[in-house]
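Each chain is listed here by its residues.
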Amino acid sequence: MSDSFQKVLHNEDGLEITFIIEEDAARIEFRGNKNVDLSAVDDVVVVVNGKGFEAVPRDGDFSVAHLGSWSALSTSPVQLMIRVHEFFEGWELD
């Protein structure tokens, strides 16, 4: 994978979830609007290959989960599951 990669995984109902890799550092960014509060850390859950990652809110409209080194995570297909309030979805990333 190149030095920079970005993919919008979800963009509906006032919630945008973006998967980003920059210089081998992977993260998930969450952007919401007034209908989706991202400041409650218990309501934003990120799991990669069975391991939970904390989403750190900047405010109610933005939160980020740092996943660490993409090359270390992606030695096999990566299973990503995300829950934000009532929204729940899973993806397989490679």
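Bear in mind the structure is a predicted one, so any value in this text is a computation, not a measurement.

**Student:** Got a minute to help me understand the side chain of Arg27 in this structure?
**Tutor:** Note that Arg27 resides in strand β3 (residues 25-32). Judged by relative accessible area, Arg27 falls into the buried class, the value being 16%. A polar side-chain atom of Arg27 sits 2.9 Å from a polar atom in the side chain of Glu29. Among all residues touching Arg27, those that are not within four sequence positions of it are Thr18, Phe19, Ile20, Glu22, Val64, Ala65, His66 and Leu67.

**Student:** When you look at the sheet that holds strand β2 (residues 15-22) in this model, what are you seeing that I'm missing?
**Tutor:** Within a sheet, each strand pairs with its neighbour through backbone hydrogen bonds, oriented either parallel or antiparallel. As summarised here, the arrangement of the 8 strands in space is β1-β2-β3-β6-β5-β4-β7-β8, forming an open sheet in which the pairing is antiparallel. Looking along the sheet, the strands with just one partner apiece sit at the ends: β1 (4-12) and β8 (87-93). Pairwise comparison of adjacent strand axes, ignoring direction, gives a mean angle of 20° for this sheet.

**Student:** Where do I start with the pairing of strand β7 (residues 78-84) in this structure?
**Tutor:** Within a regular strand, side chains alternate between the sheet's two faces. Residues Val78, Leu80, Ile82 and Val84 point to one face of β7 and are all buried, whereas Gln79, Met81 and Arg83, pointing to the other face, are not buried. In terms of strand pairing, strand β4 (residues 44-48) meets β7 through 5 bridges, oriented antiparallel. Residue Val45 lies in a different strand from β7, and its bridge partner there is Arg83. Alignment of β7 against β8, held across 7 bridges, turns out to be antiparallel.

**Student:** Would you mind going over the pairing of strand β6 (residues 62-69) with me for this structure?
**Tutor:** Bridge count between β3 and β6: 7 bridges; the pairing is antiparallel. Bridge pairing in β6 links Arg31 to Phe62. Note: strand β5 (residues 51-59) against β6, 4 bridges, orientation antiparallel. Along β6, the bridge assignment pairs Val56 with Val64. From the end of β5 to the start of β6, which pair antiparallel, there are 2 residues.

About the thresholds
Residues numbered from 1 in each chain as written. Predicted model: local features only at pLDDT ≥ 70, side-chain atom pairs only at ≥ 80, totals over all residues. Heavy atoms only, no water. Helix = DSSP H or I, 4+ residues; strand = E, 2+ residues; numbered from the N terminus. Buried < 20%, exposed > 50% of the residue type's maximum accessible area, 1.4 Å probe, protein only. Polar contact = N/O pair within 3.5 Å; in protein donor to acceptor, adjacent residues only side chain to side chain. Contact = heavy atoms within 4.5 Å. Pairing = 2+ DSSP bridges. Axes fitted to C-alpha atoms, helices over the stretch in contact; angles between N-to-C directions.

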